[in-house]
There are 4 protein chains.
Amino acid sequence: MRVQYQVLIVGYNEDSCTEVARALAYEVGAEIARSGCILLTGGLGGVMEAASRGAYENGGITVSILPQKNTSEANPYSVVKIATGLSHMRNMVNVWSADGVIVVGGGAGTLIEVAAAYLEKKAIVSLAGSGGVADEYAGKYLDERRMVLIHKASTPKEAVETLLRLMSGRV
Amino acid sequence: MRVQYQVLIVGYNEDSCTEVARALAYEVGAEIARSGCILLTGGLGGVMEAASRGAYENGGITVSILPQKNTSEANPYSVVKIATGLSHMRNMVNVWSADGVIVVGGGAGTLIEVAAAYLEKKAIVSLAGSGGVADEYAGKYLDERRMVLIHKASTPKEAVETLLRLMSGRV
Amino acid sequence: MRVQYQVLIVGYNEDSCTEVARALAYEVGAEIARSGCILLTGGLGGVMEAASRGAYENGGITVSILPQKNTSEANPYSVVKIATGLSHMRNMVNVWSADGVIVVGGGAGTLIEVAAAYLEKKAIVSLAGSGGVADEYAGKYLDERRMVLIHKASTPKEAVETLLRLMSGRV
Amino acid sequence: MRVQYQVLIVGYNEDSCTEVARALAYEVGAEIARSGCILLTGGLGGVMEAASRGAYENGGITVSILPQKNTSEANPYSVVKIATGLSHMRNMVNVWSADGVIVVGGGAGTLIEVAAAYLEKKAIVSLAGSGGVADEYAGKYLDERRMVLIHKASTPKEAVETLLRLMSGRV
């Protein structure tokens, strides 16, 4: 069987999500499904829901890794629902489970996930033009140790293609 | 879309698994896939691997919820791999994520999962003849509060059918 | 500096605690403080609160390892309060942090903790006469692997003395 | 009984800790003990160990909240040792357990803790002159939501005094 990469999308939650970020997240999710990857998200609203919808409507497997200890709050585009009961700590489970991460907008919560992915040396691509953390850190390192570069992509398609290359070690 | 139940199988790990339990677990996994449910396991060997193989070879989605903080030790029949980094605590994530639980053999670790499922009032079916905890608790309550009965089934097919009825509230 | 053992007391929660178990737990907590050990509990009511009160009123350090992600529900006899945000999974943190465990009564939740302590091969002493799990498993092994014996004690003083011997390897 | 605040110190780990940060962390720990507060740290080296030593040598209660599932790697100035088994996720337990946070230097790991404290609206004081994250974020907000200010202090004494005022609501 071909390796199926697990790709995590992080970014704005429901409260702070812009329409631009939502549309971009949908496209990233769709691209992930088309490329045969499994989509991981935090399972709730905003970028998580938009990306899940994009993947779901394109036949992908979507995995919602939830903070609650039941699955009732998963967005409706969740094929697999994981009730971690870990509250915000579930972000680390997302990162540990991912082969690579794509950042779409985001605030302090997203920054935590990016920093965690950075410390775990995961492949990271930031989608320029999606706002917040994604724009702020695209093309940068998170601290002076320069552990992994946060790659910059200009479109959803480029973001997924770049990540696929990074995950397969072809960069 | 039809509801896809998430069914957890628990039981002997690699070290203590009998051939009988392995064969029964394979059949339970196969039945779960045929019934259109998603299979959750702890993702490692023994009953976990046998059940995953049964579901995988029958076209099911298998979800391996691992104790490690990386996915490299998941058994080869894992479609989705969750790296919880929670060590034994990941058993609770399994239980919280499940709509119902089937028990195949098992020692003290399995007893923890059954007790957790009992406290969370999940539907539980124990497969008689599979040994260990499954045989010891089939048809019983775990404490004097009598929260949920651990139902007894005699075959893999009966175990899945009983669980489907319990999960849908038809019992 | 002398080694300070960390001793975990597990047993009935507030809802199911008997007056007998409460009085015994208070005495066990008091003995732990007198012996210079640190008391660990789950930080809530029932046996947890009674033991904490016993230790607290005898000058001991009491550590409440809570399921919530804030410390507001800790019982009033908690010197140190740990907000794990882990819900029932915090039981494993209790066990991992403990050098030894004393069981006072208890239902299915306590059984989970005893099974976890057993799998981690911690020193375990069960207080006979306190009811529930403590009485059911005193003097027994939890499964056929016979990993560690659940020792039986007849009084709080004997329970602490036995545990001290077990923890120091003098048994 | 007087309320004993629980104060978390975060910053450089053993690998990246400077001598300046180590000396400052020792003084912050000493001040915390003198003020009657309980010190929480991650229990390992660098800023964690220096702060614990400062508190320990001034009679304070030091609590080491460890990533491992055993207590053997706690630094020698740990009075209470919590084995969370949560790996990096234990940082959230630190934050949830704390009434306030003091930042001394730090890289991406520290940034995660500061962001978590920010999202939980904890009182935060950053020690200027200690390097890294502490200097970068002193006097700032972490994102456009401006949830809580990361206060700036110039000395260990000022850091603890400022935090005490913030925790008691006197700012």
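Scroll up to find the structure this text is about.
Analysis parameters
- Residues numbered from 1 in each chain as written.
- Chains lettered and ligands numbered in written order.
- Predicted model: local features only at pLDDT ≥ 70, side-chain atom pairs only at ≥ 80, totals over all residues.
- Heavy atoms only, no water.
- Least-squares fit on C-alpha atoms with pLDDT ≥ 70 in both.
- Contact = heavy atoms within 4.5 Å.
- Buried area = accessible area lost by both parts, 1.4 Å probe.
- Salt bridge = Lys/Arg side-chain N within 4 Å of Asp/Glu carboxyl O.
- Polar contact = N/O pair within 3.5 Å; in protein donor to acceptor, adjacent residues only side chain to side chain.
- Helix = DSSP H or I, 4+ residues; strand = E, 2+ residues; numbered from the N terminus.
- Nonpolar A, V, L, I, M, F, W, Y, C, P; charged D, E, K, R; others polar.
- 1 Å grid on protein atoms, 1.4 Å probe; cavity = no way out; pocket = protein on both sides within 12 Å on 5 of 7 lines; lining within 4 Å.
- Points joined across faces, edges and corners; volume = space filled by probe spheres on them.
- Buried < 20%, exposed > 50% of the residue type's maximum accessible area, 1.4 Å probe, protein only.
- Axes fitted to C-alpha atoms, helices over the stretch in contact; angles between N-to-C directions.
- Parallel < 35°, antiparallel > 145°, perpendicular 65-115°, else oblique.
- Left-handed = near helix turned anticlockwise from the far one by under 90°.
- Pairing = 2+ DSSP bridges.
- Core = buried A, V, L, I, M, F, W, Y, C linked by side-chain atoms within 4.5 Å.
- Right-handed = clockwise from strand over helix to strand, strands pointing away.

Q: Would you mind going over the relation of the copies chain A and chain B with me for this structure?
A: These two copies of the chain differ by a rotation about an axis and a displacement along the same axis. Between the two copies, chain A and chain B, the superposition gives an RMSD of 0.0 Å; the rotation angle is 180° and the shift along the axis is 0.0 Å. Between the two chains, the operation in question is that of a two-fold axis. Comparing interface residues between copies, 100% of those in chain A also lie at the interface in chain B; the contact surface is shared.

Q: Which parts of the structure should I look at to understand the interface of chain A and chain B?
A: A common way to express how large an interface is: the accessible area buried when the components associate. Each partner contributes residues to the interface: chain A has 22 residues there, and chain B has 22 residues. Interface of chain A and chain B: buried area, both sides summed, is about 1800 Å²; carbon and sulfur atoms make up 62% of it. A per-residue breakdown of the area chain A buries against chain B is headed by A:Lys69, A:Ile82 and A:Trp96, which together make up 27% of the total. Where chain A packs against chain B, one counts zero salt bridges. At the boundary of chain A and chain B, one finds four residue pairs in polar contact (both at pLDDT 80 or more). Where the side of chain A that touches chain B is concerned, the elements lending two or more residues are β3 (62-66), β4 (80-83) and α3 (90-97) of chain A. No other element matches the four residues that β4(A) contributes to the side of chain A that touches chain B. Class assignment for the residues of the side of chain A that touches chain B results in 13 nonpolar, seven polar and two charged.

Q: Is there a simple way to think about the relation of the copies chain A and chain C in this case?
A: Note on the copies: chain A fits chain C at an RMSD of 0.0 Å, the axial shift is 0.0 Å, and the rotation between them is 180°. Take the interface residues of chain A: 100% of them recur as interface residues in chain C, which is what a same-surface contact looks like.

Q: Explanation requested: the interface of chain A and chain C in the structure shown.
A: At the interface, six residues of chain A touch six residues of chain C. Approximately 400 Å² of surface area, both sides summed, lies buried where chain A meets chain C, with 47% of it carried by carbon and sulfur atoms. For the chain A face of the interface with chain C, the top three residues by lost area are A:Lys69, A:Ser87 and A:Met89, together amounting to 60%. For the pair chain A and chain C, the interface holds zero salt bridges. Linking chain A with chain C are two residue pairs in polar contact (both at pLDDT 80 or more), by the criterion used here. Tallied by class, residues from the side of chain A that touches chain C come to two nonpolar, three polar and one charged.

Q: Whenever I open this one, empty space enclosed by the protein confuses me. Can you help?
A: Space left empty within the atom packing is revealed by a probe, the size of a water molecule, rolled over the atoms. Residue and element names in this part refer to chain B. If you walk through the whole model with that rule in mind, you get one cavity of 30 Å³ or more. What the largest cavity holds in volume is close to 30 Å³. Lining the largest cavity, in full, are Val-7, Ile-32, Cys-37, Ile-102, Val-160, Leu-163, Leu-164 and Met-167. For the lining of the largest cavity, the element with the highest residue contribution is helix α6 (residues 156-167), accounting for four residues. Per-class residue counts for the lining of the largest cavity are eight nonpolar, no polar and no charged.

Q: Sorry if this is basic, but what is going on with the pattern of salt bridges here?
A: A side chain of one charge can pair with a side chain of the opposite charge when the charged atoms of the two come close. Under the criterion given, the structure shown has 24 salt bridges over all chains. For B:Glu19, the salt bridge is made with B:Arg22, and the minimal N-O distance between the two is 3.3 Å. Pair noted here: B:Glu19 and B:Arg22 are both in helix α1 (residues 19-34), with a separation of three residues, about one helical turn. With its nearest N and O atoms 2.7 Å apart, the salt bridge here joins B:Asp143 to B:Arg145. With relative accessibility at 9%, the residue B:Asp143 sits in the buried group. Judged by relative accessible area, which is 40%, B:Arg145 ranks as partly exposed. Taken together, the shared-partner salt bridges in this structure form one network comprising A:Glu14, A:Glu19 and A:Arg22.

Q: What is the right way to read the packing of helix α1 (residues 19-34) of chain A against helix α2 (residues 47-56) of chain A from this model?
A: The description of two packed helices rests on the angle between their axes and on the distance between the axes. Residues and elements named next belong to chain A. Where α1 contacts α2, the axes come no closer than 6 Å and their chain directions differ by 40°. One element, α1, and the other, α2, form an angle in the oblique class. As for how α1 packs across α2, the hand of that crossing is right-handed. In this structure, α1 contributes Ala-21, Arg-22, Ala-25, Tyr-26, Gly-29, Ala-30 and Ala-33 to the contact, and α2 contributes Val-47, Ala-50, Ala-51, Arg-53, Gly-54 and Ala-55. Looking at the contact of α1 with α2 residue by residue, the class counts come to nine nonpolar, two polar and two charged.

Q: Which parts of the structure should I look at to understand the environment of A:Lys140?
A: All names here are of chain A. As for its position among the elements, Lys-140 is in the loop between α5 (132-137) and β7 (150-153). Put simply, Lys-140 and Thr-18 are 122 residues apart on the chain and 23 Å apart in space, counted from C-alpha to C-alpha. Not counting residues within four places of it along the chain, the set of residues in contact with Lys-140 comprises Val-148, Leu-149 and Ile-150. At 2.8 Å, the side chain of Lys-140 and the backbone oxygen of Glu-136 are in polar contact.

Q: Got a minute to help me understand the sheet that holds strand β6 (residues 123-127) of chain C in this structure?
A: Backbone-to-backbone hydrogen bonds pair the strands of a sheet. The strands run either parallel or antiparallel. All names here are of chain C. Strand order in the open sheet formed by seven strands is β4-β3-β2-β1-β5-β6-β7, and the pairing between neighbours is parallel. Looking at the sheet topology across the chains shown, the edges are occupied by β4 (80-83) and β7 (150-153). Going across the sheet, the axis of each strand differs from the next one's by a mean of 25°, ignoring polarity. Packed onto the sheet, helix α1 (residues 19-34) meets β1 (6-11), β2 (38-41), β5 (100-104) and β6 and runs at close to 155° relative to β5.

Q: Hey, could you run me through the environment of A:Ala117 in this one?
A: Residues and elements named next belong to chain A. Assignment of secondary structure puts Ala-117 in helix α4 (residues 108-119). Sequence separation between Ala-117 and Leu-24 is 93 residues; the distance between their C-alpha atoms is 21 Å. Residues within four places of Ala-117 in sequence aside, it is in contact with Val-95, Val-101, Lys-122 and Ile-124.

Q: What's the story with the nonpolar core in this structure? I'm lost.
A: Considering soluble globular proteins, one finds that nonpolar side chains tend to be buried as a cluster. Core analysis: the largest hydrophobic core is formed by 140 residues, its most contacted members being A:Val63, B:Val63, C:Val63 and D:Val63. Ignoring sequence-local partners within four residues, the contact set of A:Val63 consists of A:Ile38, A:Leu39, A:Leu40, A:Thr41, A:Val80, A:Ile82, B:Val80 and B:Ile82.

Q: Got a minute to help me understand the pairing of strand β2 (residues 38-41) of chain D in this structure?
A: For a regular strand, side-chain orientation follows a simple rule: the groups alternate between the two sheet faces. Residues and elements named next belong to chain D. Because side chains alternate across β2, one face comprises the buried residues Ile-38 and Leu-40, and the other comprises Leu-39 and Thr-41, equally buried. In the sheet, strand β1 (residues 6-11) pairs with β2 via three bridges, with the strands oriented parallel. Residue pairing for β2: Gln-6 is matched across the bridge by Ile-38. In this fold, β1 hands off to helix α1 (residues 19-34), which returns the chain to β2; that crossover is right-handed. Note that β2 and strand β3 (residues 62-66) share three bridges and pair parallel.

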